[in-house]
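Survey of secondary and tertiary structure
Here's the letter readout for the chains.
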Amino acid sequence: MTETLIRRERRAHIEIWTLDRPDRLNALPDLQDGEAFAAACEAVNADPDVRCVVLTGAGRAFSAGGDLKAMKARRDMFAGSGADIRERYRRVVHRIVRSLYGLEAPLVAAVNGPAMGLGCDIAGLADIRIASETASFGVPFLKLGILPGDGGAWLMPRNIGYARAAEMLFTARVLDARTAMEWGLVSRVVAPERLMDEALEIAEEIAARAPQALRMTKALLRQGRDATFDQILEMTASMQALAHLGDDHLEGVTAALEKRPADFTGR
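Here's what I pulled together on the structure shown here. (Residues numbered from 1 in each chain as written. Predicted model: local features only at pLDDT ≥ 70, side-chain atom pairs only at ≥ 80, totals over all residues. Heavy atoms only, no water.)

**A closer look at the pairing of strand β4 (residues 107-111)**
- For β4, a buried count of five out of five residues is recorded, marking the element as mostly surrounded by other parts of the structure.
- Both faces of β4 are covered, namely the face carrying L107, A109 and V111 and the face carrying V108 and A110.
- One ladder, built from three bridges, connects strand β3 (residues 52-57) with β4; its direction is parallel. The residue bridging V54 from the neighbouring strand is V108, located in β4.
- Pairing analysis gives four bridges linking β4 to strand β6 (residues 128-132), with the strands arranged parallel. If you follow A109 over to β6, its bridge partner there is R129. (Buried < 20%, exposed > 50% of the residue type's maximum accessible area, 1.4 Å probe, protein only. Helix = DSSP H or I, 4+ residues; strand = E, 2+ residues; numbered from the N terminus. Pairing = 2+ DSSP bridges.)

What follows is the structure, given as C-alpha cells:
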C-alpha cells in the first residue's frame, strides 16, 4: 500500500491532520507510515507559527489499527523472521509514537469513530481528546494473541490509571464514548456533527496563547510524568526566565492591564 496517510490542512495558526484511508477504516501502520508521521511532526516542530494541531480520521473511523489481513498473510509489516518484525516495529510503529510524543505543539484528537489498537494509543498521545458519540476505544492486542507493541503499556496507565488500563488490555473490551469519558480517556463527548467545531474551538483558544510559552508548558507537562518535583522546578525556573524576557510577556501584561485580547507574535 502506498497511499498517503496524513492529509494536512492549515488554518491560521492551526494544522488539521486527517488520517485518510477511509476505505480501510484508516488502518495503520503501512510500511511508510513512520516516515509520514515523522515528517508531519518535524515540520510542525520547525514552524513556531503552528500553535496547535487537530488530529481526526476520514470516514467513519478514527483508526481501526493494524491490518488483520496483512497479519494473517504475514506480509508487509508482519513478514519475515522475528528479528525482521522487531526491526519494523522499531522503524515504523515506534517512529509513529515517538514522533507524536515529541510533537512540540499541543495536539487535540477529535475521535470521530472507532479507535482500536495503535489507533487508540495514537489518540491517547494527544494532549486533549474529544470524542464523537459514535467513537469507541479498544486495545484488543491479547484477543489477537499479541501484545501492545506501540508503548501502550506505558501510556495507558498514565492516561486512565493502572487498574483500568489492565482491564482494557487484559479483557480486550471496547469502551463506548461515554465510558471513555467516565474513565478519563477523553475529556468530553459531543454529537458527531459538532465534533470538529468543538475541536477547532479548543484549538483556537490554545492558538491565542503565547506560542513559545505554550510549547514550553507542554514540555513541562510531558517531563512531569516522569521527572521529580525538584527536576520540574529547575526546568520551570529556566523556561520562566526565558519567557519573562520575551516580547510576548510584555504584550500579555499590557493587554491584561488594558483589558483587551493579547496579540502574541512568538517573540
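After that view, the rundown keeps rolling.
**A few points about the side chain of D67**
- Mapped onto the fold, D67 is located in the loop between β3 and α2 (68-73).
- Among the residues examined, D67 registers a relative accessible area of 18% and is labelled buried.
- At 3.3 Å, the side chain of D67 forms a polar contact with the side chain of R24.
- For D67, the side chain forms a polar contact with the main-chain nitrogen of K69, separated by 3.0 Å.
- With residues up to four places along the chain from it excluded, the contact list for D67 reads R24 and F78. (Polar contact = N/O pair within 3.5 Å; in protein donor to acceptor, adjacent residues only side chain to side chain. Contact = heavy atoms within 4.5 Å.)

**Side note on a nonpolar patch on the surface**
- Residues L68, L144 and I146 make up a contiguous nonpolar surface patch of about 250 Å² in total accessible area.
- Note that L68 resides in helix α2. (Patch = residues over 30% accessible without salt bridge, like charges linked within 9 Å, V, L, I, M, F, W, Y side chains within 5 Å. Areas by Shrake-Rupley, 256 points an atom, 1.4 Å probe, with all protein chains shown as cover. Salt bridge = Lys/Arg side-chain N within 4 Å of Asp/Glu carboxyl O.)

**Some points on helix α9 (residues 211-224)**
- Given a rise of 1.5 Å per residue, 14 residues ought to cover 20 Å, and the 20 Å separating the end C-alpha atoms of α9 matches this to within 8%.
- Taken as a whole, α9 has its buried residues at P211, L214, R215, M216, K218, L220 and R222. (Expected span 1.5 Å × (residues − 1).)

**Thoughts on the sheet that holds strand β8 (residues 175-176)**
- Taken together, the three strands give an open sheet; going across it, the order is β5-β7-β8, and neighbouring strands pair in mixed fashion. A strand with exactly one partner marks an edge of an open sheet, and here the two such strands are β5 (114-116) and β8.
- Here β5 runs beside strand β7 (residues 136-138); their pairing, made up of three bridges, is parallel. For M116, the partnering residue across the bridge sits in β7 and is G138.

**Remarks on the packing of aromatic side chains**
- Inspection of the entire model under this criterion finds one aromatic pair.
- Measuring from centroid to centroid gives 5.7 Å for Y101 and W154, while their planes differ by 85°, and the two rings are edge-to-face. With Y101 in helix α3 (residues 82-101) and W154 in helix α5 (residues 152-160), the pair connects residues that are 53 residues apart, well separated along the chain.
- By relative accessible area, which is 33% here, W154 ends up partly exposed. (Phe/Tyr/Trp six-rings, centres within 6.5 Å; stacked < 30°, edge-to-face > 60°.)

**With respect to the pattern of salt bridges**
- Scanning the entire structure with this criterion turns up 24 salt bridges.
- One salt bridge in this structure joins R7 and D20, with 3.2 Å as the shortest N-O distance. Remark: D20 occurs in the loop between β2 (14-19) and α1 (33-45) and R7 occurs in strand β1 (residues 6-11); sequence separation between them is 13 residues.
- A relative accessible area of 42% places R7 in the partly exposed class.
- Note on D20: relative accessible area 27%, which makes it partly exposed.
- Linking D67 and R24 is a salt bridge whose minimum nitrogen-to-oxygen distance equals 3.3 Å. Residue D67 is found in the loop between β3 and α2, and its partner R24 is found in the loop between β2 and α1; the two are separated by 43 residues along the sequence. Note on accessibility: D67 and R24 belong to one class, buried.
- Through salt bridges with shared partners, a single ionic network connects R21, R24, D30, D33 and D67.

So far we have only geometry, and geometry alone does not tell us how the molecule works.
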